[in-house]
Amino acid sequence: MADNQKITPLIDRYAAGAELLKRAVSGMTREQVAARPVAGKWSTLEVVAHIADFEVIGVDRLAVVIAETDPSLPGRDEQQYIPRLAYEQRNFDEQLQLIDLLRRHMTSILRTLDDSALARRGIHSEAGPLTLEQLLERVSRHIEHHVVFIHEKRQALGLS
(Lines give C-alpha, C1' and ligand atoms only; values in the text may rest on other atoms or scores of the structure.)
Protein backbone atom coordinates (compact mmCIF):
# COMPACT_ATOMS: atom_id res chain seq x y z
CA MET A 1 0.00 0.00 0.00
CA ALA A 2 1.26 3.48 -0.91
CA ASP A 3 2.45 5.85 1.80
CA ASN A 4 0.06 8.80 1.97
CA GLN A 5 0.51 10.03 5.54
CA LYS A 6 2.07 13.32 4.50
CA ILE A 7 0.25 14.08 1.25
CA THR A 8 -3.31 13.32 2.38
CA PRO A 9 -3.62 16.24 4.86
CA LEU A 10 -2.11 18.60 2.27
CA ILE A 11 -4.63 17.46 -0.33
CA ASP A 12 -7.50 17.78 2.16
CA ARG A 13 -6.47 21.36 2.96
CA TYR A 14 -6.20 22.19 -0.75
CA ALA A 15 -9.59 20.61 -1.48
CA ALA A 16 -11.26 22.63 1.29
CA GLY A 17 -10.26 25.96 -0.24
CA ALA A 18 -13.19 26.41 -2.62
CA GLU A 19 -15.73 25.78 0.15
CA LEU A 20 -13.88 28.19 2.43
CA LEU A 21 -14.17 30.87 -0.25
CA LYS A 22 -17.86 30.12 -0.91
CA ARG A 23 -18.63 30.46 2.80
CA ALA A 24 -16.75 33.76 2.96
CA VAL A 25 -18.88 35.32 0.20
CA SER A 26 -22.16 33.64 1.12
CA GLY A 27 -25.16 35.94 1.07
CA MET A 28 -23.39 38.89 -0.55
CA THR A 29 -25.32 40.76 -3.25
CA ARG A 30 -23.89 41.88 -6.60
CA GLU A 31 -23.65 45.42 -5.22
CA GLN A 32 -21.81 44.23 -2.13
CA VAL A 33 -19.27 42.14 -4.04
CA ALA A 34 -18.62 45.07 -6.41
CA ALA A 35 -18.26 47.60 -3.56
CA ARG A 36 -14.94 48.87 -2.30
CA PRO A 37 -15.70 49.45 1.37
CA VAL A 38 -12.01 49.56 2.33
CA ALA A 39 -10.21 52.47 0.68
CA GLY A 40 -7.43 51.45 -1.68
CA LYS A 41 -8.35 47.74 -1.61
CA TRP A 42 -9.86 45.50 -4.24
CA SER A 43 -13.58 44.73 -4.24
CA THR A 44 -14.65 41.20 -3.34
CA LEU A 45 -15.37 40.62 -7.04
CA GLU A 46 -11.82 41.65 -7.91
CA VAL A 47 -10.42 39.39 -5.19
CA VAL A 48 -12.42 36.41 -6.48
CA ALA A 49 -11.45 37.17 -10.10
CA HIS A 50 -7.81 37.32 -9.01
CA ILE A 51 -8.15 33.99 -7.20
CA ALA A 52 -9.75 32.45 -10.30
CA ASP A 53 -6.97 33.64 -12.60
CA PHE A 54 -4.25 32.44 -10.26
CA GLU A 55 -6.08 29.19 -9.59
CA VAL A 56 -5.63 28.42 -13.30
CA ILE A 57 -1.92 29.16 -12.92
CA GLY A 58 -1.70 27.09 -9.73
CA VAL A 59 -3.34 24.07 -11.32
CA ASP A 60 -1.01 24.34 -14.30
CA ARG A 61 2.03 24.50 -12.01
CA LEU A 62 0.90 21.50 -9.98
CA ALA A 63 0.13 19.50 -13.12
CA VAL A 64 3.41 20.26 -14.86
CA VAL A 65 5.43 19.38 -11.75
CA ILE A 66 3.58 16.06 -11.50
CA ALA A 67 3.94 15.28 -15.22
CA GLU A 68 7.39 16.60 -16.16
CA THR A 69 10.93 16.59 -14.79
CA ASP A 70 12.11 19.94 -13.38
CA PRO A 71 9.79 22.07 -15.57
CA SER A 72 10.06 25.86 -15.77
CA LEU A 73 7.46 27.74 -13.74
CA PRO A 74 7.25 31.35 -14.91
CA GLY A 75 6.38 34.02 -12.37
CA ARG A 76 3.31 36.17 -12.94
CA ASP A 77 2.65 39.85 -12.13
CA GLU A 78 -0.81 40.07 -10.56
CA GLN A 79 -0.85 43.84 -10.97
CA GLN A 80 -0.88 43.43 -14.76
CA TYR A 81 -3.98 41.24 -14.60
CA ILE A 82 -6.32 43.66 -12.83
CA PRO A 83 -6.58 46.45 -15.42
CA ARG A 84 -6.26 44.24 -18.48
CA LEU A 85 -8.54 41.30 -17.67
CA ALA A 86 -11.77 43.15 -16.77
CA TYR A 87 -12.01 41.98 -13.17
CA GLU A 88 -14.83 44.41 -12.41
CA GLN A 89 -16.91 42.98 -15.26
CA ARG A 90 -16.54 39.30 -14.36
CA ASN A 91 -19.51 37.12 -13.53
CA PHE A 92 -19.07 36.46 -9.82
CA ASP A 93 -20.85 33.10 -9.78
CA GLU A 94 -18.87 31.86 -12.78
CA GLN A 95 -15.62 32.78 -11.04
CA LEU A 96 -16.63 30.78 -7.97
CA GLN A 97 -17.65 27.83 -10.15
CA LEU A 98 -14.33 27.96 -12.00
CA ILE A 99 -12.36 27.90 -8.75
CA ASP A 100 -14.45 25.02 -7.44
CA LEU A 101 -14.10 23.01 -10.65
CA LEU A 102 -10.35 23.55 -10.85
CA ARG A 103 -9.90 22.50 -7.22
CA ARG A 104 -12.00 19.35 -7.73
CA HIS A 105 -10.13 18.52 -10.95
CA MET A 106 -6.68 18.83 -9.37
CA THR A 107 -7.78 17.13 -6.15
CA SER A 108 -8.74 14.03 -8.14
CA ILE A 109 -5.27 13.99 -9.70
CA LEU A 110 -3.49 14.61 -6.40
CA ARG A 111 -5.38 11.74 -4.75
CA THR A 112 -3.66 9.32 -7.16
CA LEU A 113 -0.23 10.22 -5.74
CA ASP A 114 1.70 9.05 -2.72
CA ASP A 115 4.14 10.85 -0.45
CA SER A 116 7.07 10.25 -2.79
CA ALA A 117 5.52 12.65 -5.32
CA LEU A 118 5.90 15.55 -2.89
CA ALA A 119 9.62 15.72 -3.72
CA ARG A 120 8.97 16.35 -7.43
CA ARG A 121 9.92 19.89 -8.32
CA GLY A 122 9.73 22.71 -10.79
CA ILE A 123 12.03 25.66 -11.26
CA HIS A 124 10.22 28.95 -10.58
CA SER A 125 11.63 31.97 -12.42
CA GLU A 126 11.65 34.06 -9.23
CA ALA A 127 11.61 31.63 -6.29
CA GLY A 128 13.93 28.99 -7.72
CA PRO A 129 13.33 25.26 -7.14
CA LEU A 130 9.93 24.47 -5.60
CA THR A 131 8.76 21.00 -4.68
CA LEU A 132 5.25 19.75 -5.25
CA GLU A 133 4.80 19.95 -1.48
CA GLN A 134 5.82 23.62 -1.46
CA LEU A 135 3.58 24.41 -4.43
CA LEU A 136 0.64 22.65 -2.85
CA GLU A 137 1.18 24.65 0.34
CA ARG A 138 1.39 27.92 -1.62
CA VAL A 139 -1.73 27.24 -3.69
CA SER A 140 -3.68 26.18 -0.57
CA ARG A 141 -2.60 29.29 1.31
CA HIS A 142 -3.70 31.60 -1.54
CA ILE A 143 -7.44 31.31 -0.89
CA GLU A 144 -6.91 31.29 2.89
CA HIS A 145 -4.91 34.52 2.57
CA HIS A 146 -7.58 36.31 0.53
CA VAL A 147 -10.52 35.13 2.64
CA VAL A 148 -9.15 37.32 5.45
CA PHE A 149 -9.58 40.37 3.20
CA ILE A 150 -13.08 39.31 2.17
CA HIS A 151 -14.05 39.16 5.85
CA GLU A 152 -12.57 42.65 6.27
CA LYS A 153 -14.81 43.89 3.44
CA ARG A 154 -17.86 42.14 4.90
CA GLN A 155 -17.22 43.82 8.23
CA ALA A 156 -16.85 47.23 6.56
CA LEU A 157 -20.19 46.63 4.82
CA GLY A 158 -21.83 45.66 8.12
CA LEU A 159 -22.29 42.02 7.06
CA SER A 160 -20.22 40.25 9.71
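Whatever comes next refers back to the structure up there.
Residues numbered from 1 in each chain as written. Predicted model: local features only at pLDDT ≥ 70, side-chain atom pairs only at ≥ 80, totals over all residues. Heavy atoms only, no water.

Caption draft 1: Focus on the pattern of salt bridges. Scanning the entire structure with this criterion turns up twelve salt bridges. In this structure, Glu144 engages Arg13 in a salt bridge whose closest nitrogen and oxygen atoms are separated by 2.5 Å. In this pair, Glu144 is assigned in helix 6 (residues 132–156) and Arg13 in helix 1 (residues 7–25), connecting sequence segments 131 residues apart. Glu144 gets classed as partly exposed once you look at its relative accessible area, which sits at 27%. Residue class for Arg13 comes out partly exposed when judged on its relative accessible area of 29%. In this structure, Asp100 engages Lys22 in a salt bridge whose closest nitrogen and oxygen atoms are separated by 3.6 Å. Placement of the pair is Asp100 in helix 5 (residues 92–110) and Lys22 in helix 1, with a sequence separation of 78 residues. By relative accessible area, Asp100 is classed as buried at 17%. One salt-bridge network, in which partners are shared between bridges, spans Arg13, Glu137, Arg141 and Glu144. (Salt bridge = Lys/Arg side-chain N within 4 Å of Asp/Glu carboxyl O. Helix = DSSP H or I, 4+ residues; strand = E, 2+ residues; numbered from the N terminus. Buried < 20%, exposed > 50% of the residue type's maximum accessible area, 1.4 Å probe, protein only.)

Caption draft 2: Layout of the sheet that holds strand 2 (residues 121–124). Spatial strand order, 1-2-3: three strands in an open sheet with mixed pairing. Strands with a single pairing partner mark the edges of an open sheet, and in this sheet they are strand 1 (72–73) and strand 3 (128–131). (Pairing = 2+ DSSP bridges.)

Caption draft 3: Spotlight on the nonpolar core. The biggest cluster of nonpolar side chains holds 21 residues, and the ones touching the most others in it are Tyr14, Leu62, Met106, Leu110, Leu113, Leu132 and Leu136. Sorting the residues of this core by element identifies helix 1, helix 3 (44–67), helix 5 and helix 6 as the ones contributing at least two each. Here this core gets five residues from one element, more than from any other, and that element is helix 3. With sequence-adjacent residues up to four places away left out, Leu132 is seen in contact with Leu62, Val65, Ile66, Leu113, Ala117, Leu118, Arg120 and Arg121. Among the nonpolar cores identified, the runner-up in size contains 17 residues, and Val33, Val47, Val48 and Ile143 belong to it. (Core = buried A, V, L, I, M, F, W, Y, C linked by side-chain atoms within 4.5 Å. Contact = heavy atoms within 4.5 Å.)

Caption draft 4: Focus on the pairing of strand 2. Side chains of strand 2 alternate between two faces, with Gly122 and His124 buried and Arg121 and Ile123 left unburied. Summarising the sheet, strand 1 and strand 2 pair through two bridges and their orientation is parallel. Residue pairing for strand 2: Ser72 is matched across the bridge by Ile123. Strand direction decides the pairing type here: strand 2 and strand 3, joined by four bridges, are antiparallel. Residue pairing for strand 3: Ile123 is matched across the bridge by Pro129. Linkage of strand 2 to strand 3, two consecutive antiparallel strands, is achieved through a turn of three residues.

Caption draft 5: Seen up close, the side chain of Lys153. Among the structural elements, Lys153 can be located in helix 6. Glu152 provides the closest opposite charge to the buried, unpaired Lys153, separated from it by 4.9 Å. Looking at Lys153, its side chain comes within polar contact range of the main-chain oxygen of Trp42, at 2.6 Å. Setting aside residues up to four positions removed in sequence, Lys153 forms contacts with Pro37, Val38, Lys41, Trp42, Ser43, Thr44 and Val47. (Lys, Arg positive; Asp, Glu negative; His and termini not counted. Polar contact = N/O pair within 3.5 Å; in protein donor to acceptor, adjacent residues only side chain to side chain.)

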